[in-house]
Amino acid sequence: AFLEDASDSGMSAQMEGYSGAEVAGGVRSAASFALARSAMASESERNAGIVTTDDLREAIKEVRPALGKQDDVLHMRYPQGISLCSPGIVRIARDLQRFTAPVPSDAPRLESLLLVGAGGKGGAGVTALAAWAAANASAKNQADYVRFITSLDILTGEGNGGDETRATALVDRFAEARESQTSLLVLDDVDQLCAGSGSSGYSSVLLSTLRALVRHPPSSESTATAGCQSNPKTGAKGKSLHVIATTSRSDAACLVLHEIFDETLVVPLLSTKEEVSQLFAECSLSEVVADKDSLADMIINRIGSVGC
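In what follows, the accompanying structure is described. (Residues numbered from 1 in each chain as written. Predicted model: local features only at pLDDT ≥ 70, side-chain atom pairs only at ≥ 80, totals over all residues. Heavy atoms only, no water.)

## Here we look at the sheet that holds strand 6 (residues 240-247)
Argument step 1. Judged by pairing direction, the sheet is parallel, and its five strands sit side by side in the order 2-3-6-1-7 without closing on themselves. Across the chains shown, the open sheet's two edge strands, defined by having one partner strand only, are strand 2 (145-149) and strand 7 (263-267). Along the sheet, successive strands turn relative to each other by an average axial angle of 15°, direction set aside.
Argument step 2. Relative to strand 3 (residues 182-187), strand 2 runs parallel, the two being bridged by five bridges. Of the residues in strand 3, the one forming a bridge with Tyr145 is Ser183.
Argument step 3. Contacting strand 1 (109-117), strand 2, strand 3, strand 6 and strand 7, helix 6 (residues 126-139) crosses the sheet at an angle of about 160° to strand 6. (Pairing = 2+ DSSP bridges. Helix = DSSP H or I, 4+ residues; strand = E, 2+ residues; numbered from the N terminus. Axes fitted to C-alpha atoms, helices over the stretch in contact; angles between N-to-C directions. Contact = heavy atoms within 4.5 Å.)

And the structure:
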């Protein structure tokens, strides 16, 4: 039943995005589980070495596709989880879930959002929130291609990190995303992605490339006919691409970056002792701090506002 199940819980859906070689690797991994079980079995257990569906399920957890999702990479960005410790963070979380939710459409869609940390000094948690939103979309199968892109990912070539080289690498990342039906890209520290020697510390090549990329939706799923007219495939849905960019530089967002993206969300700092105390209550610090309320009160009185 697991092999023939065509729903989301069947094997075909669980191995969505695998190449042929990766499927073969999954089968070999399942066989290794059966072989290990056989080596530990007694002589009476003659069928211990037979590959079962449980072996296949374990193999799918172990062998992940090179293309597709990056759940482990995303979880590394918020290893302690996300604390909804203030009304502002609750609102941001709700807006991110709304942004990543699929919208049925026959036309191709590209939507972009800039997540800005208030205060301009970092620590607001924009990277963690973006990774959390992407991981949720991945877990709910709202996106079948998820990528977390940093400035390091677009430094290609033998020490050649010129503007044109980085722009080409960024174009390649978007091209990969457009191949899938539903894709989600997280551009972390987008101000660093676009850094250069131009005005305001940005590369004009990177800025213009990014502006063009977030305004170019995925190609529609259509078939060409005689006379160069295209007819949409019967029952086909338009592809969608969502882009979440993050920056801790509120000055950068105000001057340049906000014009590139469809939406801008500002992640607020914690500004009340109740919010800080709630954060302490949800993290391991509450185990070693005897009076978290007094500590929260001291932090707010001395600093004013703090990030997560």
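## Considerations on the packing of helix 11 (residues 273-281) against helix 12 (residues 292-303)
Two quantities define a packed helix pair, namely the angle between the helix axes and the distance between the axes.
Argument step 1. Viewed as axis vectors pointing N to C, helix 11 and helix 12 meet at an angle of 135°, and their least axial separation amounts to 8 Å. Regarding the angle of helix 11 to helix 12, the classification is oblique. Remark: the crossing between helix 11 and helix 12 carries right-handed chirality. Each of Lys273, Val276, Ser277, Phe280 and Ala281 in helix 11 lies in contact with helix 12, whose residues at this interface are Lys292, Asp293, Leu295, Ala296, Asp297, Ile299 and Ile300.
Argument step 2. In terms of residue class, the contact of helix 11 with helix 12 is made up of seven nonpolar, one polar and four charged. (Parallel < 35°, antiparallel > 145°, perpendicular 65-115°, else oblique. Left-handed = near helix turned anticlockwise from the far one by under 90°. Nonpolar A, V, L, I, M, F, W, Y, C, P; charged D, E, K, R; others polar.)

## Brief notes about the pattern of salt bridges
Argument step 1. In this structure the tally under the stated criterion is nine salt bridges.
Argument step 2. The residue Lys292 makes a salt bridge to Asp293 at a minimum N-O spacing of 3.7 Å. (Salt bridge = Lys/Arg side-chain N within 4 Å of Asp/Glu carboxyl O.)

## Details of helix 9 (residues 204-213)
Argument step 1. Of the residues making up helix 9, those classed as buried are Leu206, Leu207, Thr209, Leu210 and Leu213. An end-on view of helix 9 places all buried positions within 165° of arc, on one side of the element.
Argument step 2. Buried residues in helix 9 make contact with strand 1, helix 7 (163-178), strand 3 and helix 8 (190-193).
Argument step 3. Sitting at the amino-terminal end of helix 9 is Ser203, which places a side-chain oxygen 3.3 Å from the backbone nitrogen of Val205. (Buried < 20%, exposed > 50% of the residue type's maximum accessible area, 1.4 Å probe, protein only. Arc of directions from axis to C-beta. Polar contact = N/O pair within 3.5 Å; in protein donor to acceptor, adjacent residues only side chain to side chain.)

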